[in-house]
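Structural characterization, general
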Amino acid sequence: MNETVVCVVGNVATPPVYRESPAGPSARFRLAVTARYWDREKSVWTDGHTNFFTVWANRQLAVNVSASVEVGQPVVVQGRLKVRTEVREGQQQWASADIDAVAIGHDLARGTAVFHRAAKPETPPAAARPEPNWETPRPGDAPDGHAIQAGAEAIAVT
């Protein structure tokens, strides 16, 4: 529950890398997020610092990302932020900011998109099982569901 959920808007910096694994499909790409600010002295918009995130997508989202996202496209990514630090080459400390994506979409403020619903994968049909008889038999019913006549009303058929 104590996760850092972020929503970032940026440009796709690397082509998505798609992988199939026993746990299911996954895809990853780098996202460049550049701050923009108004420079009052020059009266122009200026680029600030660029942050790079590795965006991870799993399952159906991974399949859709690999089919829809290309380098340079503006996207909106929502997911859980994970920051990792490692020591590399002896003394150098290295940090990585990853986003475990929940939703990814094109930024419609900067262009248009056409949505196509993903086809659900074909699942093999399950073996047909007969529906169980859940009814409680009434007193006087035979196991096959036919009424049993009792006493003097019984008629013998010859």
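Everything below is about the structure printed above this text.
Described in the following lines is the structure provided in the data block. (Residues numbered from 1 in each chain as written. Predicted model: local features only at pLDDT ≥ 70, side-chain atom pairs only at ≥ 80, totals over all residues. Heavy atoms only, no water.)

**Notes on the overall build of the protein chain**
From N to C terminus, the protein chain includes one helix and six strands. Put simply, the protein chain has 158 residues, and 22% of those count as buried. At a minimum sequence separation of 6, the contacts of the protein chain that also span at least 24 residues come to 54%. Put simply, the protein chain shows about 12,900 Å² of open surface, and 54% of that area lies on carbon and sulfur atoms. (Helix = DSSP H or I, 4+ residues; strand = E, 2+ residues; numbered from the N terminus. Buried < 20%, exposed > 50% of the residue type's maximum accessible area, 1.4 Å probe, protein only. Contact = heavy atoms within 4.5 Å. Areas by Shrake-Rupley, 256 points an atom, 1.4 Å probe, with all protein chains shown as cover.)

**A short note on unusual backbone geometry**
Phi at Ser 43 takes a positive value of approximately 55°, unusual for a residue other than glycine. Take Ser 43: it is sitting in the loop between strand S3 (24–39) and strand S4 (44–58). Notably, Arg 59 is not glycine yet its phi reads approximately 55°, a positive angle. The topology assignment puts Arg 59 in helix H1 (residues 59–68). Residue Arg 59 is classed as exposed on the basis of its relative accessible area, which comes to 59%.

**Describing the pairing of S3**
Bridge count between strand S1 (residues 4–12) and S3: two bridges; the pairing is antiparallel. Note that in S3 the partner of Asn 11 across the bridge is Ala 32. Here strand S2 (residues 17–21) pairs with S3 via five bridges, running antiparallel. In the strand pairing of S3, Val 17 is matched with Arg 28. Hairpin connection from S2 to S3: two residues lie between these consecutive antiparallel strands. Pairing of S3 with S4 involves 13 bridges; the strand directions are antiparallel. Paired with Arg 30 across the strands is Thr 54, a residue of S4. (Pairing = 2+ DSSP bridges.)

**Section: the environment of Gly 48**
Locating Gly 48 in the fold gives a position in strand S4. Gly 48 sits in the partly exposed class, given a relative accessible area of 30%. Setting aside its immediate chain neighbours within four residues, Gly 48 contacts Thr 34, Ala 35 and Tyr 37.

**Some thoughts on the pattern of salt bridges**
Per the stated rule, a full pass over the model turns up six salt bridges. Notably, a salt bridge pairs Arg 80 with Glu 3, separated by 3.8 Å at the nearest N-O pair. A residue pair is termed long-range when its members are at least 10 positions apart, and Arg 80 in strand S5 (residues 74–88) and Glu 3 in the segment before S1 qualify at 77 residues. When the shortest N-O distance is used, the salt bridge between Arg 84 and Asp 98 registers 3.3 Å. (Salt bridge = Lys/Arg side-chain N within 4 Å of Asp/Glu carboxyl O.)

**Looking at the packing of aromatic side chains**
This structure, assessed with the given rule, holds one aromatic pair. Seen in terms of ring centroids, Trp 38 and Trp 45 are 5.6 Å apart; in terms of plane orientation they differ by 70°. Their pairing is edge-to-face. For Trp 38, a relative accessible area of 43% gives the class partly exposed. Its relative accessible area of 52% is what places Trp 45 among the exposed residues. (Phe/Tyr/Trp six-rings, centres within 6.5 Å; stacked < 30°, edge-to-face > 60°.)

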